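Reading the structure
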Amino acid sequence: MVAPWITACGDAPPPSNSGGPPAQRVVVHTVAEREFVDRIEALGTARANEATVLTPNVAEKITEIRFRDGAQVRKGDVLLRLDDRSERAELAAARARLSERQDALTRAQDLAAQRVVSEAEVDLTRSELATAEAEVEAVAAHVEDRTIRAPFDGVIGLRTVSLGALIAPGDPIATLADIDTIKADFTIPARRYSLLQPGLPIRATTAGMPDRMYEGTIDSLDNEVDPVTRTITARALIDNPDRALRPGMLLEIELLADRRTSPAVPEAALMPRGDTQFLTVVVDGKAEQRAVQIGMRTPGWVEIRDGVAIGEQVVIRGGQGLSDGAAVEIQSPLSERQPDESR
């Protein structure tokens, strides 16, 4: 909320100053607090929360495709099967051998109880059983290698294979991506590093949807600064429940850092002299020139970090030519309309 103009009645007589110049009429503003926040702009790239290219572990012919392009899939869903007839036959044989070893161990234990065979023979039979169990597990793993499952929930992309095709390890089948949450990777100058921390809010837009604003938070920062560009990479997480954002999109990112309240004055109150900014403060009816340290600028307002206190009155109009100690008369804006009072 814009602070009101603080004025005094304009019909009071100027301070007595026999023989001196008359008091100069000025319009003042009472210094009050406003909220400021450092805004950092950056360009980022949208990335999937999780993404992988599906590919087989073995070379084999495709016998079944169980997904549609662009479909939502769940972790563990069967997406594609390869020819596994030979492996299933081996698995059946391995299970038969396992059953035989289990029966052999039972017989050996019964005979050992009757002292017909030694404990060493029982131990040998038990070892053969363990070998048969391991063989079943190994063959079962080979069978499972012929079944491609979704490793996590996500949206599957366009498939690049067809039924009956022979594929080998490394051949891409399709891309699976979790885009319910989007990772936004962006870089900022290393000198702004101190403003960043996990949990800092960001806002993001993309050219494809310029009227839509996405909100997120910084999740993590890279562990080193690029020695060439002197920038550091940050990663933010953005909720994307309708999956409108897609990996690879260019994002315009705005960071809102160091939110604070500080004394503020209208821009019209500043008087630059070289590299220093001054304000004219009214103290007991006298003008006082005061150097100040300024911070952020927002439309019409300037943050004052040092040099003036909340509640003090600063001249915003009519202060031309005023020197330290000059008498001033605070003028009511009703008696003389100012062109920018509505700002």
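Everything below is about the structure printed above this text.
A brief structural summary. Quantities reported herein were computed from a predicted structural model and do not represent experimental measurements.

Attention now moves to the side chain of E254. You can see E254 is positioned in strand β13 (residues 250-266). We classify E254 as buried; its relative accessible area is 17%. Only 2.7 Å separates the side chain of E254 from the side chain of R203, close enough to count as a polar contact. Dropping the residues within four chain positions of it, E254 is found in contact with R39, I40, I202 and R203.

Here we take up the nonpolar core. The tendency in soluble globular proteins is for nonpolar side chains to be buried side by side. F186, I238, I253 and L255 are the most contacted members of the largest nonpolar core, which totals 27 residues. Of all elements in the fold, only β2 (32-54), β9 (174-189), β10 (201-206), β11 (209-221), β12 (231-239) and β13 reach the threshold of two or more residues within this core. Here this core gets six residues from one element, more than from any other, and that element is β9. Among all residues touching F186, those that are not within four sequence positions of it are A42, L43, G44, I218, I232, T233, A234, A236, I253 and L255.

With glycine set apart, most residues show a phi of negative sign, and most peptide bonds adopt trans. The backbone of R230 shows a phi angle near 55°, a positive value even though the residue is not glycine. Among the structural elements, R230 can be located in the loop between β11 and β12. Phi at D284 takes a positive value of approximately 55°, unusual for a residue other than glycine. Looking at the secondary structure, you find D284 in the loop between β15 (276-283) and β16 (286-298). Looking at D284, the relative accessible area reads 77%, which means it is exposed.

Attention now moves to the side chain of R146. Within the fold, R146 resides in the loop between α2 (119-145) and β6 (147-149). Setting aside chain neighbours within four positions, we find R146 in contact with V58, E60, L80, R81, L82, D83, D84 and E87.

Quick notes on the rules
- Residues numbered from 1 in each chain as written.
- Predicted model: local features only at pLDDT ≥ 70, side-chain atom pairs only at ≥ 80, totals over all residues.
- Heavy atoms only, no water.
- Helix = DSSP H or I, 4+ residues; strand = E, 2+ residues; numbered from the N terminus.
- Buried < 20%, exposed > 50% of the residue type's maximum accessible area, 1.4 Å probe, protein only.
- Polar contact = N/O pair within 3.5 Å; in protein donor to acceptor, adjacent residues only side chain to side chain.
- Contact = heavy atoms within 4.5 Å.
- Core = buried A, V, L, I, M, F, W, Y, C linked by side-chain atoms within 4.5 Å.

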